[in-house]
Amino acid sequence: KIFKNMTTKNFSLKNLKLLSFLLMSVLLFSNCKKKNDIYTVTFETNSGGTIENIQVTDGDLLTKPTTDPKKDGHSFDGWYSDMGLATAFDFTTMPITSNITLYAKWNKNTYTVTFNTGVGSSVDPQQVVFGEKAQEPLYPTLTGKVFGGWYTEAALTTLFSFSTTNISANIT
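Here is a short report on the structure shown in this document. Computed from a predicted structure; not experimentally measured.

## Notes on the overall build of the protein chain
Across its full length, the protein chain carries one helix and six strands. Written out in order from the N terminus, the α and β elements of the protein chain read α-β-β-β-β-β-β. Of all 172 residues assigned to the protein chain, the portion counted as buried reaches 23%. Taking all contacts inside the protein chain whose residues are at least 6 apart in sequence as the whole, residues at least 24 apart take part in 47%.

In structure tokens:
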């Protein structure tokens, strides 16, 4: 019966304070998080397969997935909390307080292209980044012989194409 028969004529400072307190309480508590809220952590693998979403209770630490994503020609370099891959996510110190997406960072692998010259002069191997092309080296020399080209196998039946072959593994 606090506000019974309240009109602008009998509205007191005491009633105003009480009304203000009640309104502030409603606003304050309506913005509070409920204890034990559950949040979803989504893993964006950036073409590295699928990692299932994980549900985490508010304030808990996230358990790192037991399996890292896999991507051909790349090495996984961790989970990041931003799309620009500037802020590494630390599973041991960063509690979950909202729905978040973690992003996989990748480094391209580097492969060795080795040139087998048989008994001819040696040719230095090349380090080539995944998906790039090897550079055709200078021909090796062997007295009395003419170099016939670089082949993909020991039987010397398929010429290697430096202009079209993207390197995706160590090769000789």
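There's more to say after this.
## Points about the nonpolar core
Among soluble globular proteins, nonpolar side chains are generally buried collectively. Val41, Phe43, Leu62, Trp79, Ile96 and Leu102 are the most contacted members of the largest nonpolar core, which totals 13 residues. Where this core is concerned, the elements lending two or more residues are strand 1 (38-44) and strand 4 (100-108). Other than its neighbours up to four places away in sequence, Leu62 contacts Val41, Phe43, Ile54, Val56, Phe89, Phe91, Ile96 and Leu102.

## With respect to the pattern of salt bridges
On inspection of all chains with the given rule, the structure shows two salt bridges. For Asp68, the salt bridge identified is with Lys64, shortest N-O distance 3.9 Å. Overall, the relative accessible area of 30% leaves Asp68 in the partly exposed class. For Lys64, a relative accessible area of 42% translates into the label partly exposed.

## Quick word on the sheet that holds strand 3 (residues 74-80)
What links the strands of a sheet is backbone hydrogen bonding, and the strands pair in either a parallel or an antiparallel sense. One open sheet holds the four strands; their spatial order is 2-1-4-3, and the pairing between them is mixed. Where the open sheet ends on each side, the last strands, each with one partner, are strand 2 (54-57) and strand 3. The average angle at which neighbouring strand axes cross in this sheet is 30 degrees, direction not considered. Here strand 3 runs beside strand 4; their pairing, made up of five bridges, is antiparallel. Within the sheet, the bridge partner assigned to Trp79 lies in strand 4 and is Ala104.

## Focus on unusual backbone geometry
In this structure, Asn46 takes a positive phi of about 50 degrees despite not being glycine. Here Asn46 shows up in the loop between strand 1 and strand 2. Given the relative accessible area of 27%, Asn46 is considered partly exposed.

## Some details on the packing of aromatic side chains
Per the counting criterion, the structure on display carries nine aromatic pairs. Geometrically, the ring pair formed by Phe89 and Phe91 is edge-to-face, given 5.0 Å between the ring centres and 80 degrees between the ring planes. Residue classification places Phe89 among the buried residues on the basis of a relative accessible area of 10%. What makes Phe91 buried here is its relative accessible area of 13%. On the basis of an interplanar angle of 75 degrees and a centroid distance of 4.8 Å, the ring pair of Phe160 and Phe162 is categorised as edge-to-face. Phe162 carries the same exposure label as Phe160, and that label is buried. Taken together, Phe115, Tyr139, Phe147, Trp150, Phe160 and Phe162 form an aromatic cluster joined through their ring pairs.

Cut-offs used in this document
Residues numbered from 1 in each chain as written. Predicted model: local features only at pLDDT ≥ 70, side-chain atom pairs only at ≥ 80, totals over all residues. Heavy atoms only, no water. Helix = DSSP H or I, 4+ residues; strand = E, 2+ residues; numbered from the N terminus. Buried < 20%, exposed > 50% of the residue type's maximum accessible area, 1.4 Å probe, protein only. Contact = heavy atoms within 4.5 Å. Core = buried A, V, L, I, M, F, W, Y, C linked by side-chain atoms within 4.5 Å. Salt bridge = Lys/Arg side-chain N within 4 Å of Asp/Glu carboxyl O. Pairing = 2+ DSSP bridges. Axes fitted to C-alpha atoms, helices over the stretch in contact; angles between N-to-C directions. Phe/Tyr/Trp six-rings, centres within 6.5 Å; stacked < 30°, edge-to-face > 60°.

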